[in-house]
Amino acid sequence: MLRRREPVPFAFLAEADRFRSNVTPPPPERASAGQIAGRWLLGLTIVAGLVGSLLLGMPALSTDTASQTQQSQASQGR
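Residues numbered from 1 in each chain as written. Predicted model: local features only at pLDDT ≥ 70, side-chain atom pairs only at ≥ 80, totals over all residues. Heavy atoms only, no water.

A separate point is the overall build of the chain. Scanning the chain for helices and strands turns up three helices and zero strands. Beginning at the N terminus, the succession of helices and strands in the chain can be written as α-α-α. Sorting the 78 residues of the chain into buried and exposed places 0% on the buried side. Summing over all exposed atoms, the chain offers an accessible surface of approximately 8,100 Å²; the carbon and sulfur share of this is 62%. (Helix = DSSP H or I, 4+ residues; strand = E, 2+ residues; numbered from the N terminus. Buried < 20%, exposed > 50% of the residue type's maximum accessible area, 1.4 Å probe, protein only. Areas by Shrake-Rupley, 256 points an atom, 1.4 Å probe, with all protein chains shown as cover.)

Now the structure itself:
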């Protein structure tokens, strides 16, 4: 066993790795039907918002070929 050369202010923290508990924690509580439905509704709302923003933003992200031809025609008339 290795001993530390300098004193540790909180010795119980230094020896915490050796501590093993024989007490098992209680099992986690099961989520109620309302909680599960709320989680699903929140997830669907987030996904619908992302899809909706993508659908509404697609026209702004697309390159408009009609505006490029109008600019080239205007520059040719000079």
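To continue, consider the UniProt feature "transmembrane region" (unreviewed entry) in the chain. Residues annotated in UniProt with the feature "transmembrane region" (unreviewed entry) correspond here to residues 40-61. Spanning residues 40-61, this segment combines 100% helix with 0% strand, and its end C-alpha atoms are found 31 Å apart. (UniProt positions renumbered as here; feature names shortened; annotations may be inferred.)

This part takes up helix 2 (residues 33-61). For helix 2, built from 29 residues, the straight-helix expectation of 42 Å at 1.5 Å per residue is met to within 8% by its first-to-last C-alpha distance of 41 Å. A bend of about 25 degrees at Leu55 is the largest found in helix 2, and the proline Pro59 appears one to four places after it. (Expected span 1.5 Å × (residues − 1). Bend = angle between axes of the 7 residues up to and from the residue.)

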